[in-house]
Structure formats: structure tokens, C-alpha cells
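Structural description and commentary
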Amino acid sequence: MKLKICHLYPDLLDLYGDRGNVMVLAARSRWRGIETEVQKKSLGEQPDYDDIDILFIGGGSDREQNLLVVDLQRHERELRQAIEDGLVVLAICGGYQLLGQYYQAGNGLKMPGLGILDLWTAAGDKRCIGNVVVRLDETLRAAADTSGESDATLVGFENHSGKTYLGEGIQPLGKVLHGCGNNGEDGGEGTRYKNVFGTYLHGPLLPKNPHLADLLLKLAWRRRGFAGDFTSLDSRLEREAHETMVQRILAGSHR
Ligand code: GLN
């Protein structure tokens, strides 16, 4: 069993060290003794979506998004099929926006998304910048089958002009306790559709949210029929970093 992670547009969509998410997924898989391969694909390159287990797309400025939007459209058919077949995807901010119907940037440019997620994004009149704490939706906590207090939240950092609105068919990852989240209006942050997780949380996200990293790995392993036990790791440091930030942010001492 080899776990294959593909990092799409690592040279263009990598705000706030989003590549750290790929490093965490690869490390937490290797620490469990699973051979893990990381592929990098950018403009003009397309992964074999039938042969990868996790796809990662990071965030980027309007300029970078516009540079790749035409190239990304070429992935639509294969990526849609893979997602419907359960491919695990983590998409951050700009990458998240482009999985939806469109992203209307602040300069009026309307970038077509892949239309795979039932959501749309339009730039607001002020940017959402700052730390974010999200209380995870119960269904997500159940899927992660964890019960620890620090598994009930996500913590990260947001910087986006886009306000994302979810269609009827999909739900947010959870409720914003601090920060904007999807749009600063409906209290939701991110979304999950099948095994696709979209979020505005940079940081990078996964080092301080090991429970989400492990959920993504579990889903990818199960999809490949991996029957082995999902050995738990000593995540004390990660959880301590998570809890420290959650408390600091909610105490208002860290805007
Ligand atoms: N350019 C998009 C926006 O401003 C996404 C930003 C990001 O990826 N952090 O909303």
C-alpha cells in the first residue's frame, strides 16, 4: 500500500505556507509505516486522478488564481469523476473558491470555477484578515471518531476578499466562534462534499489541527481498502499548540 498525495499548483497557490499541509499528511502517514509519495503538478500537468489518494490545492491571490483558471478547467471532467468516486481533497481559500461555480474578484473579473462544489464567491468590500476558531459540526467529529476537546474545533488564519455562499446541498465544516469564515454573515466556515474539504483556514491548517489531518488520511486509506489499524500517534505537541491558540484567540488576546 502506497499513499499518493498530489499537490496541485504548488508554485502558484501557496499562501501562508499552505504546502505545510502536504508535509503534515505525508509525515503522519509515514509515521504510521505507510509508504507515501508526494507528486507536484502545475500548469500544463495533470495528475492521474484514478491513481492518487489525496489532492491538495492551496490559496493564492486573485492574480495567481487568474493565471491558472483556464488550466484548471482542463481538469474538470476527471477531477469531478474522482471526487464522485470518493477522492479525498483539501482545498484552501483560493483553491476552495475555484472548486465552486465562480469567483467574482474585487476588480470585477469573474473567474469560472469547476462547478463541482455547489457554492459561489464574490469579493466583499473589505478583506477578512485574522485568526479564526471554528466549532466543528457534530457529523464531522463523528467521522473523525475522536472525542478529545481539542478535536471539537479548528484553528487557523484567514486573509480573503471573497465571500463564499453555500448552495442548499452542502453544509459548512462548522460554526465560526471567532473571525469571518465563509462570508462573515451566516456564521459558517468551509464546507464538506463527499470527501472534499474546503476551508478558508491558512496557517498552514493541519499542523495545529491533527484530528483533521488524520480524518483525511483515514478516508483515503479506507477508500483504498486498507484494513490495517489506524495507529494513533502521540499528538500532544500539536494538540497543545491547538489549544493554546484557541484559548488565546477566544480570550481576545490575539486578534
Ligand atoms: N484571492 C482570493 C481572495 O482574496 C483568495 C485568497 C487566498 O487564497 N488567501 O478571496
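In this report, we go over the structure that sits alongside the text. The shown structure was predicted, so the numbers you read here are calculated from the model rather than taken from an experiment.

Reading the values: the criteria
Residues numbered from 1 in each chain as written. Predicted model: local features only at pLDDT ≥ 70, side-chain atom pairs only at ≥ 80, totals over all residues. Heavy atoms only, no water. Near = heavy atom within 4 Å. Polar contact = N/O pair within 3.5 Å; in protein donor to acceptor, adjacent residues only side chain to side chain. Areas by Shrake-Rupley, 256 points an atom, 1.4 Å probe, with all protein chains shown as cover. Helix = DSSP H or I, 4+ residues; strand = E, 2+ residues; numbered from the N terminus. Axes fitted to C-alpha atoms, helices over the stretch in contact; angles between N-to-C directions. Parallel < 35°, antiparallel > 145°, perpendicular 65-115°, else oblique. Left-handed = near helix turned anticlockwise from the far one by under 90°. Contact = heavy atoms within 4.5 Å. Disulfide = S-S within 2.5 Å. Buried < 20%, exposed > 50% of the residue type's maximum accessible area, 1.4 Å probe, protein only. Pairing = 2+ DSSP bridges. Expected span 1.5 Å × (residues − 1). Salt bridge = Lys/Arg side-chain N within 4 Å of Asp/Glu carboxyl O.

By nearness alone, 16 residues border the ligand, and G60, D62, Q65, C93 and H202 come closest of all. One of the side-chain N or O atoms of R127 is found 3.3 Å from an oxygen atom in the ligand. N159 is positioned with one of its backbone polar atoms (N or O) 2.9 Å from a nitrogen atom of the ligand. Here the ligand, which alone exposes 300 Å², has 99% of that area covered by the protein. Elements with a minimum of two residues in the shell around the ligand: α2 (62-73), α4 (94-97) and β8 (153-166). Element by element, the count of residues in the shell around the ligand is highest for β8, at four residues.

At their nearest, the axes of helix α1 (residues 19-30) and helix α6 (residues 210-223) sit 10 Å apart, and the two run at 65° to each other. By the criterion of interaxial angle, the relationship of α1 to α6 is roughly perpendicular. Where α1 crosses over α6, the two elements pack in a sense that is right-handed. In contact with V24, L25, R28 and S29 of α1, α6 contributes P210, A213, D214, L216, L217 and W221.

The tally for this structure, following the rule as stated, stands at one disulfide. Each sulfur of the disulfide joining C128 and C180 lies 2.5 Å from the other. Its torsion about the S-S bond being -80°, the disulfide of C128 and C180 is classed as left-handed. Of this pair, C128 sits in strand β7 (residues 119-136) while C180 sits in the loop between β9 (174-178) and β10 (188-189), and the two are 52 residues apart along the sequence. For the pair C128 and C180, one class covers both residues: buried.

With respect to the secondary-structure elements, D229 resides in the loop between α6 and α7 (236-250). Here the alpha-carbon distance between D229 and K218, two residues 11 residues apart in the chain, equals 9.9 Å.

Time to look at the pairing of β9. Two strands pair when backbone bridges link them, and β7 and β9 are joined in this way by four bridges, in the antiparallel orientation. In the strand pairing of β9, V133 is matched with H178. Pairing of β9 with β10 involves two bridges; the strand directions are antiparallel. Pairing of K175 across the sheet is with G188, part of β10.

With 12 residues, α2 extends 16 Å from end C-alpha to end C-alpha; this agrees with the ideal 16 Å at 1.5 Å per step. Among all positions of α2, only E64, Q65, L68, V69, D71 and L72 are buried. Lining the buried residues of α2 we find β1 (2-8), α3 (76-84), α4, β5 (102-104) and β6 (110-112).

With that out of the way, let us pick up the pattern of salt bridges. Here the structure, examined in full by the defined rule, presents 18 salt bridges. The shortest N-O distance in the salt bridge between D53 and R224 comes to 2.5 Å. Residue D53 is found in the loop between β2 (35-41) and β3 (54-57), and its partner R224 is found in the loop between α6 and α7; the two are separated by 171 residues along the sequence. Overall, D53 belongs to the buried group, its relative accessible area being 2%.

What follows deals with the pairing of strand β12 (residues 196-199). The two faces of the sheet receive side chains in turn, since in a regular strand these alternate between them. Burial along β12 is two-sided: the face carrying V196 and G198 and the face carrying F197 and T199 are both buried. Bridge analysis of strand β11 (residues 191-193) against β12 gives three bridges, and the strand direction is antiparallel. Across the sheet, Y193 pairs through a bridge with V196, a residue of β12. The turn linking β11 back onto β12 is made up of two residues, and K194 within it adopts a positive phi angle of 50°.

Read these as layout, nothing more, since geometry by itself doesn't imply function.
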